[in-house]
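So you can see what is in the structure, the chains are spelled out below.
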Amino acid sequence: MNKRVFSGVRPTGRLHIGNYLGAGKNYVAMQNEYDCVYCIVDLHALTTLEDTGKLQNNIYEALLDLLAAGLDPQKSVIFVQSHVPEINELFALLSMVTPLSWLLRVPTFKEKVRLHPQNVNYGLVGYPVLMTSDILLYKADVVPVGEDQLPHLELAREIVRRFNEHFGETFPEPQAKLTNFPLVVGLDGKDKMSKSLGNHIELAATAEETTKKVMSAVTDPARKLRSDPGHPEVCNVFKLRKHFEPELITQLEADCREAKIGCVDCKRALADSINRDLAALRARRVELAAKPEYVHQVMVDGAKRAQIIARQTLDEVKSKMGLI
Ligand code: SF4
């Protein structure tokens, strides 16, 4: 039997190339090796009280992107978190075994408190327990993560150990599978690529929109003139070209250092390669967008399949905790 993978995608609307390189491509590749459970985590979106009026549309757009990227509902369980209500029950039960001190030391909690001081809600503190519940409800063995999410996974493993110690061996300790492209920096060259920072390129963007965005990207800040030698190690365009054109990267590195190529030409080449790489995905997305009833059926079928696993886990947990 294949090991089981769980991963969640936050429904922030259309996915961007950071999501695609950091997660989406791996999701597609893992379908042939693992028993995959992929979830659009709508409850997580509530922890920061984002504009919930857009939530349904955001879920739909994210699912369209994932299907267009190659997630196959015949191979993987693809569903929306809140469509399987067992998650709420496991979340409550795991809250009882998680010391508050563990949650208060999580770096992302501290960061969210800094960013949203007016909304430090109970759900925000418990966010890592909800995330752990997602993984444990489906008894996942493996979780694909970026380096920034490792503390969350470590916390999930601590909760597993504590639960298993108290109530007997129930959950596997989930292992991290670090993505090949751990952190995709945005076009500003500073922060992680993110929709909220506007430093992203949507997967579904047109070729023209993509080119316009790439041409605005920050490159090596020390390179003022075309004749200045470049420093590809500090240039985000270089990192992106490394992904989209790995076969050209050795030559590009040398040309950049010797100022044989200018940043404008380099960015134009990057835009062309992104557009080439995403052309098939974008065409599939247009086809899928014309079949909304199919996309909705994927969500319904996925939730049914996920719920079968969830019910079994929850029955076992409640029995071990003395509730049934
Ligand atoms: Fe970056 Fe390319 Fe400019 Fe070199 S030539 S600094 S890799 S954009």
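Residues numbered from 1 in each chain as written. Predicted model: local features only at pLDDT ≥ 70, side-chain atom pairs only at ≥ 80, totals over all residues. Heavy atoms only, no water.

When helices and strands are counted, the chain shows 13 helices and 5 strands. Since a compact globule built from 324 residues should have a radius of gyration of about 20 Å, the 21 Å found for the chain is in line with a globular shape. Among the 324 residues that make up the chain, the fraction classed as buried is 50%. Taking contacts inside the chain between residues at least 6 apart in sequence as the whole, the part at least 24 apart equals 78%. (Helix = DSSP H or I, 4+ residues; strand = E, 2+ residues; numbered from the N terminus. Rg over C-alpha atoms; globule rule 2.2 N^0.38 Å. Buried < 20%, exposed > 50% of the residue type's maximum accessible area, 1.4 Å probe, protein only. Contact = heavy atoms within 4.5 Å.)

Another point: the environment of Thr 219. Its location among the elements puts Thr 219 in the loop between helix 9 (207–215) and helix 10 (236–244). Thr 219 sits in the buried class, given a relative accessible area of 15%. C-alpha separation for the pair Thr 219 and Lys 304, spaced 85 residues apart in sequence, amounts to 47 Å. Residues contacting Thr 219, with those up to four places away along its chain left out, are Cys 235, Val 237, Cys 263 and Lys 267.

Right, let's get into the nonpolar core. Within the largest apolar cluster, 53 residues are counted, with the highest numbers of intra-cluster contacts made by Ile 17 and Ile 274. Among the elements that take part in this core, helix 3 (residues 55–69) stands out by supplying 10 residues, more than any other. Beyond its immediate chain neighbours, meaning those up to four positions away, Ile 17 contacts Met 193, Ile 201, Leu 203, Leu 240, Phe 244, Ile 274 and Leu 278. Counting residues in each nonpolar core, the second largest holds 42 residues, with Ile 87, Val 97, Val 106 and Leu 130 among its members. (Core = buried A, V, L, I, M, F, W, Y, C linked by side-chain atoms within 4.5 Å.)

The next point concerns the site of the ligand. Surrounding the ligand, one finds Thr 219, Asp 220, Arg 223, Cys 235, Val 237, Phe 238, Cys 256, Ile 261, Cys 263 and Cys 266. Grouping the amino acids of the shell around the ligand by side-chain chemistry returns 7 nonpolar, 1 polar and 2 charged. (Near = heavy atom within 4 Å. Nonpolar A, V, L, I, M, F, W, Y, C, P; charged D, E, K, R; others polar.)

Among the 6 residues in strand 2 (residues 35–40), 5 count as buried, and that is most of the element. Sheet topology note: the strand 1 (residues 4–9)/strand 2 ladder contains 6 bridges and is parallel. Note on strand 2: the bridge partner recorded for Arg 4 is Asp 35. Considered for its hand, the β-α-β crossover made up of strand 1, helix 1 (residues 17–30) and strand 2 is right-handed. (Pairing = 2+ DSSP bridges. Right-handed = clockwise from strand over helix to strand, strands pointing away.)

For the rest of this paragraph, the subject is unusual backbone geometry. One non-glycine residue, Lys 139, lies in positive phi territory at about 45°. Phi is positive for Ala 259, close to 55°, though the residue is something other than glycine. Here Ala 259 lies in the loop between helix 11 (249–257) and helix 12 (263–289). With relative accessibility at 15%, the residue Ala 259 sits in the buried group.

Glancing now at the pattern of salt bridges. Side chains bearing opposite charge may pair, as long as their charged atoms lie close to each other. Scanning the entire structure with this criterion turns up 22 salt bridges. Ionic pairing is found between Glu 154 and Arg 157, a salt bridge with its closest N-O pair at 3.3 Å. With a gap of 3 residues between them, Glu 154 and Arg 157 both fall in helix 8 (residues 150–167), about one helical turn apart. Looking at Glu 154, the relative accessible area reads 35%, which means it is partly exposed. You can call Arg 157 buried: its relative accessible area is 18%. (Salt bridge = Lys/Arg side-chain N within 4 Å of Asp/Glu carboxyl O.)

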